[in-house]
Amino acid sequence: MNPRATDRARYDRATAPLDAPLALVDLDAFDANADDLRRRAGGKPIRVASKSVRCRALLERVLARDGFAGIMSFTLAESLWLARAGFEDILLAYPSADRAAYARLAADPKLAAAVTVMIDDPAHLELIDAARDGGTEEIRVCLELDTSLRLLGGRVRIGALRSPLRDPAQLAELARSVVRRPGFRLVGLMAYEGHVAGVGDSVAGRPFRSRAVRLMQSAARKELAERRAAVVRAVRTVAPDLEFVNGGGTGSVQHTAAEDAVTEIAAGSGLYQPRLFDNYTSFSGRPAALFALPVVRRPGVGVVTVLGGGYPASGAAGQDRLPVPYLPEGLRYDAQEGPGEVQTPLLGSAADDLLIGDKVWFRHAKAGELCERFDTLHLVEDDRVAASAPTYRGEGLTFL
């Protein structure tokens, strides 16, 4: 029996008493992926991206392992919730305009000590001060650096549209704005190189594109390493007690960790290993998070229909944003229908071996977004469900 068939048999046995749709996390694969991330980080701590996990029990599990420290959150409301739940050292990865949450942060010593907010504009400081509502706690602040690669004199830009701050002088000037302003403390710098960490460089069937991506990423890593080091030097002249410099992502852990200027790495998707992270030359993870849909029709030879399935991931719309049928092997979408809101036809010879009520296992394109579809993750060890843990949704929370 090949490894995928073995996994299917394990998952079917483990979830035999449970009705689909359902989602699981294979804890052996999750832990192996965590070990691989730690190995690639080369001794630098990994800050776990909560948007890629979205389950408190699994955040606790990975943070209990050597090599992992702190959370990178995605909204301010989530940050406060996690801090109240006992998590410490939470870095909000995106600027917020949540005035009510800022008021709670500024009024609570525990929250203010645990949460660091992101800014890239003096207007963020103005907004926070206007939202304090009498709260006097010092707000921990991190600055974000634009990591995009600029070519042809800036006419070509490769990378996410994030921070407007690009050069050392700009970051140093905003750093001065923070340290001069009462009620704030500058503690960190973040630079997320999404065009390196989040873009696969070995896409099956696309050798020329893959080669172009590798060339781009090589140039981007070199340019960013030099610029990031210069920015860190400039910011440290203003704030010599800077606590951390965060960089990286699942796809670039080992490269970012090699930079002396970086003190910690961010990663999260590599724990679940969604399908978008299959296309890298530098590492390979084990699929750890899957969801199952039940067979509810057998329309004809070589066809079954499962319930639900239309769970596209965020980003520019395309085939790579769709979940893929994974187990049993040999199933594909009907090109005329694709994954549907309430039902999904699947084609292939493997369909003829499936009965009404059988489970088909899928992999989501992106990591934590799967948890917005399911309220529970069934945590599988060997061929049994060792525990079931609520997702954020299962705890009644949808932060975005």
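Coordinates for the structure precede this section.
About the thresholds
Residues numbered from 1 in each chain as written. Predicted model: local features only at pLDDT ≥ 70, side-chain atom pairs only at ≥ 80, totals over all residues. Heavy atoms only, no water. Helix = DSSP H or I, 4+ residues; strand = E, 2+ residues; numbered from the N terminus. Rg over C-alpha atoms; globule rule 2.2 N^0.38 Å. Buried < 20%, exposed > 50% of the residue type's maximum accessible area, 1.4 Å probe, protein only. Contact = heavy atoms within 4.5 Å. Expected span 1.5 Å × (residues − 1). Arc of directions from axis to C-beta. Polar contact = N/O pair within 3.5 Å; in protein donor to acceptor, adjacent residues only side chain to side chain. Pairing = 2+ DSSP bridges. Axes fitted to C-alpha atoms, helices over the stretch in contact; angles between N-to-C directions. Salt bridge = Lys/Arg side-chain N within 4 Å of Asp/Glu carboxyl O. Left-handed = near helix turned anticlockwise from the far one by under 90°. Nonpolar A, V, L, I, M, F, W, Y, C, P; charged D, E, K, R; others polar. Phe/Tyr/Trp six-rings, centres within 6.5 Å; stacked < 30°, edge-to-face > 60°. Lys NZ or Arg CZ within 6 Å of the ring centre and 35° of its normal. Patch = residues over 30% accessible without salt bridge, like charges linked within 9 Å, V, L, I, M, F, W, Y side chains within 5 Å. Areas by Shrake-Rupley, 256 points an atom, 1.4 Å probe, with all protein chains shown as cover. Disulfide = S-S within 2.5 Å.

Engineer: Would you mind showing me how to read the overall build of the protein chain here?
Structural biologist: Regarding its fold elements, the protein chain presents twelve helices and 19 strands. Relative to the compact-globule value of 21 Å for 400 residues, the protein chain shows a C-alpha radius of gyration of 22 Å, a close match. The principal-axis extent of the C-alpha atoms belonging to the protein chain is close to 70 × 50 × 35 Å. Residue burial in the protein chain is summarised as follows: out of 400 residues, 54% are buried. Taking the contacts inside the protein chain whose residues are at least 6 apart along the sequence as the reference set, 68% of them involve residues at least 24 apart.

Engineer: Looking at this model, I keep getting lost on helix 1 (residues 3–14). Mind explaining?
Structural biologist: An α-helical turn contains 3.6 residues, so a residue and the one three or four places further along point in the same direction. With twelve residues, helix 1 should reach 16 Å at 1.5 Å per residue; the first-to-last C-alpha distance of 16 Å fits that figure. The complete set of buried residues in helix 1 reads Arg10, Tyr11 and Ala14. Here the buried residues of helix 1 occupy an arc of 95° about the axis, which is enough to place them on one side. The inward-facing, buried residues of helix 1 contact strand 1 (22–26), strand 12 (289–300), strand 14 (324–327), strand 17 (359–363), strand 18 (376–381) and strand 19 (384–390). Its side-chain oxygen at 3.1 Å from the backbone nitrogen of Arg4, Asn2 defines the N-terminal cap of helix 1.

Engineer: Honestly, the sheet that holds strand 2 (residues 46–49) in this entry has me stumped. Any pointers?
Structural biologist: Pairing between the strands of a sheet is mediated by backbone hydrogen bonds and can be parallel or antiparallel. The strand order 2-3-4-5-6-9-10-11 describes a closed barrel built from eight strands, whose pairing is parallel. Between one strand axis and the next, the sheet turns by 30° as a mean value, whatever way the strands run.

Engineer: What exactly am I supposed to notice about the pairing of strand 13 (residues 303–307) here?
Structural biologist: The two faces of a sheet get side chains in turn, since along a regular strand they alternate between them. Among the five residues in strand 13, four count as buried, and that is most of the element. Of the strand pairs in this sheet, strand 12 and strand 13 are connected by three bridges, and their pairing is antiparallel. Bridge pairing links Arg297 to Thr305 in strand 13. If you look at the hairpin formed by strand 12 and strand 13, you'll find two residues sitting between the two strands, and Gly302 has a positive phi there, around 70°. Taken together, the five bridges between strand 13 and strand 16 (residues 343–347) define a ladder with antiparallel strand orientation. Its bridge partner being in strand 16, Val303 is matched across the sheet by Leu347.

Engineer: Can you help me understand the pairing of strand 9 (residues 184–191) in this one?
Structural biologist: Summarising burial for strand 9: seven of the eight residues are buried, a large majority. Pairing of strand 6 (residues 139–144) with strand 9 involves six bridges; the strand directions are parallel. In the strand pairing of strand 9, Glu144 is matched with Met190. By the bridge criterion, four bridges tie strand 9 to strand 10 (residues 244–247) in an arrangement that is parallel. Across the sheet, the residue bridging to Leu189 is Val245, located in strand 10.

Engineer: Just checking my understanding: could you explain the pattern of salt bridges for this structure?
Structural biologist: Taken as a whole and assessed by the stated rule, the structure comprises 36 salt bridges. Between Asp31 and Arg61 there is a salt bridge, with its nearest N and O atoms 2.8 Å apart. Here the residue Asp31 occupies a position in helix 2 (residues 27–41), and Arg61 occupies one in helix 3 (residues 56–63), the gap between them amounting to 30 residues. Taking the relative accessible area as the measure of exposure, Arg61 reaches 29% and is therefore partly exposed. The network of salt bridges with shared partners includes Asp146, Arg150, Arg157, Arg166, Glu223 and Arg227.

Engineer: Sorry, what's going on with the packing of helix 4 (residues 76–84) against helix 5 (residues 99–107) here?
Structural biologist: Geometry of a packed helix pair, given as the angle between the helix axes and the separation of the axes. Close contact between helix 4 and helix 5 brings their axes to 9 Å; oriented N to C, the two are set at 35°. Classified by chirality, the crossing of helix 5 by helix 4 is left-handed. Between helix 4, through Leu76, Ala77, Leu80 and Arg84, and helix 5, the contact on the second element is made entirely by Ala101, Tyr102, Arg104 and Leu105. The residue inventory of the contact of helix 4 with helix 5, partitioned by class, reads six nonpolar, no polar and two charged.

Engineer: Is there a simple way to explain unusual backbone geometry in this structure?
Structural biologist: A negative phi angle characterises most non-glycine residues, just as the trans form characterises most peptide bonds. Geometrically, the link from Ala20 to Pro21 is a cis peptide bond, its omega value of 5° lying close to zero. Its location among the elements puts Pro21 in the loop between helix 1 and strand 1. Residue Pro328 is reached from Leu327 by a cis peptide bond, and omega for that bond is 0°. Mapped onto the fold, Pro328 is located in the loop between strand 14 and strand 15 (332–333). The phi dihedral of Arg54 falls on the positive side, at around 55°, and the residue is not glycine. Along the chain, Arg54 turns up in the loop between strand 2 and helix 3. On the accessibility criterion, Arg54 (11% relative accessible area) is buried.

Engineer: Can you help me understand the packing of aromatic side chains in this one?
Structural biologist: How two aromatic rings sit relative to each other is given by the distance of their centres and the angle of their planes. Counted under the stated rule, the structure contains 13 aromatic pairs. Seen from their ring centres, Tyr392 and Phe399 are 5.5 Å apart, and the 85° between their planes marks the pair as edge-to-face. Taken as a pair, Tyr392 and Phe399 share a single burial class, namely buried. Within the aromatic cluster, the residues linked to one another by ring pairs are Phe74, Trp81, Tyr392 and Phe399. Directly above the ring of Tyr326 sits Arg363, whose terminal nitrogen or CZ lies 5.5 Å from the centroid.

Engineer: What is the right way to look at a nonpolar patch on the surface in this model?
Structural biologist: On the surface, a nonpolar cluster with roughly 240 Å² of combined accessible area is contributed by Leu151, Leu152 and Val156. Classification of Leu151 as partly exposed rests on a relative accessible area of 35%.

Engineer: Help me understand the state of the cysteines, please; the structure alone is not making it clear to me.
Structural biologist: Note: disulfide means a covalent bond formed between the sulfur atoms of two cysteine side chains. One pass over the structure, following the stated rule, counts zero disulfides. Cys55 takes part in no disulfide bond, and the closest cysteine sulfur to it belongs to Cys371, at a distance of 6.5 Å.

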